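Close look at the chain arrangement
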Amino acid sequence: MTHRSYTTAKRLISSRIRVRSDTPGVFTLWNSSSSRAFHQYHLTKTRRTMSTKEIETVDLLVVGGGKAGKSLAMERAKAGWKVAMVERRFVGGTCINVACIPTKSLVNSARRLSDARTDEAFGIVGTEGARVDLAKLRAHKEGIVGAMVGAHEKMFAAPGLDFIRGEARFTGERTVTIALEEGGERTIRGERVLINLGSRPARPAIPGLWESGAWTNEEILRLEELPASLAIIGASYIGVEFASMMATFGVDVTLISSGDHVLPREDEDAARVVEAGLEAAGVRIVRGRAASASREGNTTTLTLTDGSTVSAEAVLVAVGRVPNTDGIGLDEAGVALTDRGFVAVDEHLRTSAEGVWAAGDCAGTPMFTHASWSDFRIIRAQLSGASLDDPTTTTKGRTIPYAVFATPELARIGLSEGEAREAGLDVRIAKVPTAAIPRAKTLRYAGEGFWKAIVDANTHQILGATLLGPNVSEVISVVHVAMAGGLTYEQLRFLPVAHPTMTEGLQVLFDSLG
């Protein structure tokens with residue numbers, strides 16, 4: 001190896017990496033902190049170029065532009081840091097492209113359709129024949145998504161933020177090589193790194209399923225026409241929302257639940273109310289597990305483990321999501337994974353590698369956008385200098401609310417009744433019918449929904465709540481604030497709440513405790 005080539009190589013790599021050449025024409029890069037060789041490069045015969053490129057350095061390297069990643073990248077860039085953020089697929093992340101935003105846009109359309117069909121009960125006539133125009137429905141959804149993506153592209157162009165479209169792979173400590181979307185490569189090393197890889201729909205290995213043309217919840221959003229019938233494998237949050245929505249659009253839906261009831265994480269009484277709402281919309285619920293699938297003509301037939309069959313024009317698979325941690329070289333960066341493939345993190349979201357954090361779905365955080373946004377705030381506090389003793393730097397004690405946008409709507413925070421009983425806690429249960437709430441009466445709500453709260457029998461603090469009915473996804477935040485503030489149920493009940501609102505139902509609920 002010539003002196004000139006060796007000098008060039010040393011200039012092109014960071015101070016933490018050492019170069020050794022034992023064979024003419026070949027040099028090896030060594031990590032000085034681990035004494036481990038992690039790559040070899042061969043010089044060309046002309047000795048004028050190498051197959052590596054200069055390593056760029058930044059204050060913060062963000063791999064994955066989901067909610068936590070993009071939020072931290074923009075915030076640190078505004079603070080004056082030099083930031084690079086790499087995204088291989090969705091500008092703005094999964095949420096605004098193929099998850100929360102497009103699905104809730106369609107849920108809103110389904111609800112408007114349902115309202116139109118029942119307008120006569122409210123004194124409005126002439127809307128009984130309301131129907132779906134799929135082209136306009138797609139335009140509605142894509143218009144919202146397109147506007148949000150465009151807004152993110154403008155935000156990502158801000159000074160200090162280098163937004164890179166391409167696929168990153170870790171090649172060393174806090175270092176990635178990026179295969180650029182437009183061609184070529186860049187290698188970037190961050191003084192600090194955030195891994196925000198997200199997740200993707202699980203694809204179970206059911207014989208014949210994918211060969212039969214089954215969809216994931218991302219693929220179904222690209223529909224150009226509604227199927228006459230749809231079988232949905234999986235009856236948790238995603239499956240239930242799509243079942244409710246598609247049935248309202250006029251699709252003949254069969255929902256296959258592997259458990260005794262839909263929404264397996266919820267109390268049975270709450271799940272039964274959701275099931276009643278689905279069945280009222282025309283959804284057929286089948287208990288069992290799909291064992292195989294076959295396609296003949298325009299029909300897919302699913303054979304369940306008990307030998308029964310379900311046939312439909314289309315199949316949606318909604319059995320959860322898996323982290324995008326494979327094939328990205330995390331082992332090269334010293335980042336450990338759990339047995340389930342998630343990035344292993346501590347309560348501060350720090351990984352096994354120094355200076356590297358992970359957030360969102362890939363870190364095992366509950367798979368909700370607002371949970372990922374909470375991760376961002378926890379990491380931001382640390383990068384802003386907060387002590388690890390500061391409660392804003394930890395996930396410890398964090399409670400994540402969520403909502404299921406079916407009809408009826410379900411919202412939940414904290415412990416369920418079943419979880420409280422299983423833990424052996426001394427609790428009191430407050431429970432009232434949703435129809436007893438004055439605002440629900442004005443909405444002509446006559447469903448089987450209820451509101452339920454779990455209260456510590458000794459401290460009177462609220463440990464959790466499950467709400468079913470109109471607008472409960474908004475009301476649950478009030479319960480969240482009360483829980484975070486350590487309020488007793490009496491203190492929350494004492495507050496004068498505007499009348500008539502659904503939030504007023506919390507006073508009705510806690511009045512039931514006497």
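Predicted, not measured: the structure shown is a model, and the values here were computed from it. (Residues numbered from 1 in each chain as written. Predicted model: local features only at pLDDT ≥ 70, side-chain atom pairs only at ≥ 80, totals over all residues. Heavy atoms only, no water.)

Contact geometry for helix H4 (residues 100-117) and helix H6 (residues 237-248): axes closest at 9 Å, N-to-C directions at 45°. The pairing of H4 with H6 is recorded here as oblique in orientation. Seen along the crossing, H4 lies across H6 with a hand that is left-handed. Contact with H4, carried on its side by Thr103, Lys104, Leu106, Val107, Ala110, Leu113, Ser114 and Arg117, involves Glu241, Phe242, Met245 and Thr248 of H6 and no other residues of that element. For the contact of H4 with H6, a count of residues per class yields six nonpolar, three polar and three charged. (Axes fitted to C-alpha atoms, helices over the stretch in contact; angles between N-to-C directions. Helix = DSSP H or I, 4+ residues; strand = E, 2+ residues; numbered from the N terminus. Parallel < 35°, antiparallel > 145°, perpendicular 65-115°, else oblique. Left-handed = near helix turned anticlockwise from the far one by under 90°. Contact = heavy atoms within 4.5 Å. Nonpolar A, V, L, I, M, F, W, Y, C, P; charged D, E, K, R; others polar.)

With that settled, the discussion passes to the pattern of salt bridges. Close approach of charged atoms allows side chains with opposite charge to pair. Summed over the entire model, instances satisfying the criterion amount to 28 salt bridges. For glutamate 75, the salt bridge goes to arginine 76, with nearest N and O atoms at 2.6 Å. For arginine 76, a relative accessible area of 7% corresponds to the buried category. Between arginine 111 and glutamate 409 there is a salt bridge, with its nearest N and O atoms 2.8 Å apart. Of the two residues, arginine 111 sits in helix H4 while glutamate 409 sits in the loop between strand S20 (402-404) and strand S21 (410-414), which places them 298 residues apart along the sequence. Note on arginine 111: relative accessible area 27%, which makes it partly exposed. (Salt bridge = Lys/Arg side-chain N within 4 Å of Asp/Glu carboxyl O. Buried < 20%, exposed > 50% of the residue type's maximum accessible area, 1.4 Å probe, protein only.)

Here the focus is the side chain of arginine 76. Examined against the element boundaries, arginine 76 turns out to sit in helix H2 (residues 67-78). Among the polar contacts made by the side chain of arginine 76, one reaches the side chain of serine 384 at a distance of 3.3 Å. Dropping the residues within four chain positions of it, arginine 76 is found in contact with Leu60, Trp81, Val83, Leu383 and Ser384. (Polar contact = N/O pair within 3.5 Å; in protein donor to acceptor, adjacent residues only side chain to side chain.)

Moving on, we get to the side chain of serine 372. Following the sequence through the fold, serine 372 ends up in helix H8 (residues 369-383). With residues near it in sequence (within four places) discarded, serine 372 still touches Lys67, Ala68, Asn196, Gly360 and Thr365.

Moving on: the sheet that holds strand S23 (residues 450-456). Across the sheet, which stays open at both edges, the five strands sit in the order S20-S21-S24-S23-S22 with antiparallel pairing between neighbours. The open sheet has two free edges, formed respectively by S20 and strand S22 (427-433), since each of these has just one partner strand. Neighbour-to-neighbour, the strand axes of this sheet turn through a mean angle of 10°, independent of strand direction. Sheet analysis places S20 next to S21, joined by three bridges and oriented antiparallel. (Pairing = 2+ DSSP bridges.)

A word on the layout of surface pockets. Left-over empty space is what a probe sized like a water molecule reveals as it rolls over the atoms. Of the pockets and cavities examined, the second largest pocket occupies roughly 1,300 Å³. What lines the second largest pocket is a set of 38 residues, and nearest its centre among them are Arg111, Ser114, Asp115, Thr407 and Pro408. Looking at the lining of the second largest pocket, the elements with two or more residues in it are H4, H6, helix H7 (268-280) and helix H11 (472-484). Element by element, the count of residues in the lining of the second largest pocket is highest for H4, at nine residues. When the residues that make up the lining of the second largest pocket are grouped by side-chain class, the tally is 16 nonpolar, 11 polar and 11 charged. (1 Å grid on protein atoms, 1.4 Å probe; cavity = no way out; pocket = protein on both sides within 12 Å on 5 of 7 lines; lining within 4 Å. Points joined across faces, edges and corners; volume = space filled by probe spheres on them.)

For the rest of this paragraph, the subject is the packing of aromatic side chains. With the rule as written, the count across this model stands at four aromatic pairs. Residues phenylalanine 368 and tyrosine 402 carry aromatic rings whose centres are separated by 5.3 Å and whose planes lie at 10° to one another, so their mutual orientation is stacked. Here tyrosine 402 lies in strand S20 and phenylalanine 368 lies in the loop between strand S19 (356-358) and H8, a separation of 34 residues in the sequence. Accessibility assignment for this pair places phenylalanine 368 and tyrosine 402 in one class, buried. Ring pairing ties together the aromatic residues Tyr237, Phe368 and Tyr402, which thus form one cluster. Between lysine 67 and the ring centre of tryptophan 373, over which it is positioned, the NZ or CZ distance is 4.3 Å. (Phe/Tyr/Trp six-rings, centres within 6.5 Å; stacked < 30°, edge-to-face > 60°. Lys NZ or Arg CZ within 6 Å of the ring centre and 35° of its normal.)

Attention shifts here to the confidence of the model for the protein. Mean pLDDT for the protein: 90, with 90% of residues reaching 70 or above. A low-confidence stretch, residues 1-52 stays under pLDDT 50, and its non-local contacts, those more than four residues away or across chains, total 81 contacts. (pLDDT = per-residue confidence, 0-100.)

Over its 18 residues, H4 extends 26 Å from the first C-alpha to the last, a length consistent with the 26 Å expected when each residue adds 1.5 Å. For H4, every residue scored as buried is listed here: Pro102, Thr103, Ser105, Leu106, Val107, Ser109, Ala110, Leu113 and Ala116. For H4, the secondary structure elements touched by its buried residues are helix H3 (94-98), helix H5 (134-156) and H6. (Expected span 1.5 Å × (residues − 1).)

The next subject is the sheet that holds strand S15 (residues 299-304). In spatial order, the strands read S14-S15-S16; together these three strands make up an open sheet with antiparallel pairing. Strands with a single pairing partner mark the edges of an open sheet, and in this sheet they are strand S14 (290-296) and strand S16 (309-312). Averaged over all neighbouring strand pairs, the angle between strand axes comes to 20°, with direction disregarded. Where S15 and S16 come together, four bridges link them in antiparallel fashion. Each bridged residue has a counterpart across the sheet, and for threonine 303 the counterpart in S16 is threonine 309.

Going residue by residue along S15, you find Thr300, Leu302 and Leu304 tucked away on one face and Thr299, Thr301 and Thr303 left uncovered on the opposite face. As paired elements, S14 and S15 share six bridges and run antiparallel to each other. Opposite arginine 295, over in S15, you have threonine 300 as the bridge partner. Linking S14 back to S15 in an antiparallel pair, the connection comprises two residues, with glycine 297 at a positive phi of about 65°. Counting the residues that bridge the hairpin from S15 to S16 gives four residues, and of these glycine 307 lies at a positive phi of roughly 95°.

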